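Report on the structure
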Amino acid sequence: MDELKEECGVFGIFGHSEAANLTYLGLYALQHRGQESAGIAAADGHHVTVARGMGYVADIFDDRTLSSLTGQSAIGHTRYSTAGESRLANAQPFLIDCVHGQMSICHNGNIVNAGEIRRDLVSKGSIFQTSSDTEVVLHLFARSKAVSQELAAIESLAQVQGAYSILMMSPDRLIAARDPHGFRPLALGRLGDAWIACSETCALDLIGATYVRDVEPGEVVVITAAGLVSHKPFPPAARSHCVFEHVYFARPDSYVFGRSVNEARTAMGRRLAEESMVEADVVVPIPDSGVCAAIGFSEMSGIPMRMGLIRNHYVGRTFIQPQQSIRHFGVRVKLNPVRSILEGRRVVLIDDSIVRGTTSRKIVRMVKAAGAREVHMRISCPPTISPCFYGVDTPRRSELIAATHTLEEIRTYLDADSLAYLSLDGMLRAVTPDTSHYCTSCYTGTYPIEFPKDQDAYLQLALKLDKPSLMLEEQV
């Protein structure tokens, strides 16, 4: 499907006898954030053990694997690569044994100066095993002269720039950290006496844990048997929460950056109706990402919402395509129109975003083929015109249809009777009264973190522009 890809999900727990099993459940709740690989590291106070694999969480971990992950603390990761290769070596958590002892790590985000640090470390003799930016943090940690693990972790994080919500675990402690801008979410929770840190609160809900607060931007939390200690070692920076967490990435039942994702998306739909009303008979969401906004659009417009497209939830990552040509097969295997809802009606199709436009075009034509008299496309966010630096897998700029086409050109390409996007101001005000706290670089092309020194090389890689042959090396 033509959509932006999730980044990664992290989950960690300290002080529970079922740490690995609960981490498995936490990753299950965070599976939507990454489906390429998953892993769990467990610590028993003396040693750290890791199990990783390619694929879905439920396919990787069975009773035998989980029983080998003993101890009262664990961290886990679900991965979708944003630039590093999709292979087992890049599956997290990573584990090293160095002068500071064993340390495992998992990371959601993207370190923009990873290439620069990596080249410097390689020139000094470091040997890298992966193409992941996360590994540079471990090398910096191992080289640190600090007297404690938490100080070594702080020293290593102080040298990286970009987006990170990171969990680090040694045999006797769990460290949770967020970059000073707060790009990616990281929540703290409690389950009895155990502490939990995870990407989204839906993971807390699944295991019956209670949300306490977010790890604050620029905060490093260290959890040991003695309790939780908070450090704020970094200079303050402007808040730059990723607004796309609310638009698409996070699950609707989560709270992200202190706001209900469901309420934010529903509010976007209401504002979309206020800004771009159209006479129609039925509002139809493109499932599942368009459902909340469609509810809001229907509430504000008074047009009834019906599920005119049904999603097949049992489609795997790959499927065998038929030898003969079947029109729209790739889309129809995942979505199928309900003719009784669509036939003869003026339809408002609601989705969260348009990336390349290829899938949206197929859906519009499929709805028309099911008998819709008119199809009006409404998008609950602004046009996506720029790639992301900070942990989202976006296409090259030239592949983003809104970066290279006018609104009317996009409408014509989609074969829709009308097309409208939610305004930037409307989206932000639907999310929060304080609109200054969010990163909107994918909609504006304005980036909150200065480019690294090797700007040209990095732009070819992280921004995925139009000359992939100039890529120097892979990073995540």
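What counts, and where the lines are drawn
- Sequence order sets the numbering: in each chain, residues are counted from 1 along the sequence as written.
- The predicted nature of this model means local features are confined to residues of pLDDT at least 70 and side-chain atom pairs, given and counted, to a pLDDT of 80 or more, with totals for whole chains, interfaces and linings taken over all residues.
- Think of the side-chain values as coming from all heavy atoms in the structure, minus any hydrogens and water.
- What pLDDT conveys is the predictor's confidence in a given residue, as a value from 0 to 100.
- Any two residues having at least one pair of non-hydrogen atoms within 4.5 Å are treated as being in contact.
- Residues enter a nonpolar core if they are buried and are Ala, Val, Leu, Ile, Met, Phe, Trp, Tyr or Cys, with the set joined through side-chain atoms within 4.5 Å.
- Residue burial is assigned from relative accessible area. The probe radius is 1.4 Å, only protein chains are included, and a residue is buried under 20% of its type maximum, exposed over 50%, and partly exposed in between.
- The helix and strand labels rest on DSSP assignments: H or I over at least four residues marks a helix, E over at least two residues marks a strand, and numbering proceeds from the N terminus.
- Distance and chemistry together define a polar contact, namely a pair of N or O atoms within 3.5 Å, with one atom able to donate a hydrogen and the other to accept it when in protein, and with adjacent residues in sequence counting only for side-chain atoms on both sides.
- For two strands to be treated as a pair, DSSP must find at least two bridges joining them.
- Under this scheme, a helix contributes an axis fitted over its contacting stretch, all axes are lines through C-alpha atoms, and angles between N-to-C directions fall in the 0 to 180 degree range.
- Throughout, the term roughly parallel applies to angles under 35 degrees, roughly antiparallel to angles over 145, roughly perpendicular to angles from 65 to 115, and oblique to all others.
- Here a crossing is taken to be left-handed if its near helix is turned anticlockwise relative to the far helix by less than a right angle, and right-handed if that turn runs clockwise.
- By the convention adopted, Pro, Cys, Tyr, Trp, Phe, Met, Ile, Leu, Val and Ala count as nonpolar, Lys, Arg, Asp and Glu as charged, and the other residues, Gly among them, as polar.

**Examining the confidence of the model for the protein chain**
- Taken residue by residue, the protein chain gives an average pLDDT of 89. The fraction at 70 or more is 87%.
- Across residues 317-321, where pLDDT falls below 50, the model places nine contacts with residues more than four positions away in sequence or in other chains.
- Long-range and interchain partners of residues 459-476, a stretch whose pLDDT sits below 50, account for 60 contacts in this model, where long-range means more than four residues apart.

**Overview of the nonpolar core**
- Within the largest apolar cluster, 70 residues are counted, with the highest numbers of intra-cluster contacts made by Leu-349, Met-377, Tyr-390 and Met-427.
- With six residues, the top contributor of residues to this core is helix 9 (residues 261-275).
- Beyond its immediate chain neighbours, meaning those up to four positions away, Tyr-390 contacts Gly-109, Asn-110, Val-112, Ala-163, Phe-183, Arg-184, Cys-439, Ser-441, Tyr-447, Pro-448 and Ile-449.

**Section: the side chain of Thr-134**
- Position of Thr-134 relative to the elements: it lies in helix 5 (residues 134-143).
- The class of Thr-134 is buried, set by a relative accessible area of 1%.
- In this structure the side chain of Thr-134 is engaged in a polar contact, spanning 3.0 Å, whose partner is the side chain of Gln-92.

**What to know about the sheet that holds strand 1 (residues 8-14)**
- Taking strand neighbours across the sheet as the criterion, the seven strands line up as 3-2-4-1-10-9-11 in an open arrangement whose pairing is antiparallel. Taken across any chain shown, the strands that pair with only one partner, and hence form the sheet edges, are strand 3 (48-54) and strand 11 (210-214). With direction set aside, neighbouring strand axes in the sheet form an average angle of 15°.
- Of the strand pairs in this sheet, strand 1 and strand 4 (residues 73-79) are connected by seven bridges, and their pairing is antiparallel. From the neighbouring strand, Phe-11 faces strand 4, where its bridge partner is Gly-76.
- Packing against the sheet, helix 1 (residues 19-29) makes contact with strand 1, strand 2 (37-43), strand 4 and strand 9 (187-191), and its axis sits at approximately 25° to strand 4.

**Focus: the packing of helix 4 (residues 114-123) against helix 5**
- Where helix 4 meets helix 5, the axes come as close as 10 Å, and the angle between the chain directions of the two elements is 45°. By the angle between their axes, helix 4 is oblique relative to helix 5. Here helix 4 runs over helix 5; the crossing is left-handed. Contacts between helix 4 and helix 5 involve Ala-114, Ile-117, Arg-118 and Leu-121 from the former and Val-136, His-139, Leu-140 and Arg-143 from the latter.
- For the contact of helix 4 with helix 5, the class distribution of residues is five nonpolar, one polar and two charged.

**Considerations on the pairing of strand 2**
- Judged by how many residues are buried, strand 2 sits mostly within the fold: seven of seven residues are covered.
- Covered by surrounding structure in strand 2 are Ser-37, Gly-39, Ala-41 and Ala-43 together with Ala-38, Ile-40 and Ala-42, the residues of both alternating faces.
- The pairing of strand 2 with strand 4 spans seven bridges and is antiparallel. Opposite Ala-42, over in strand 4, you have Ala-74 as the bridge partner.

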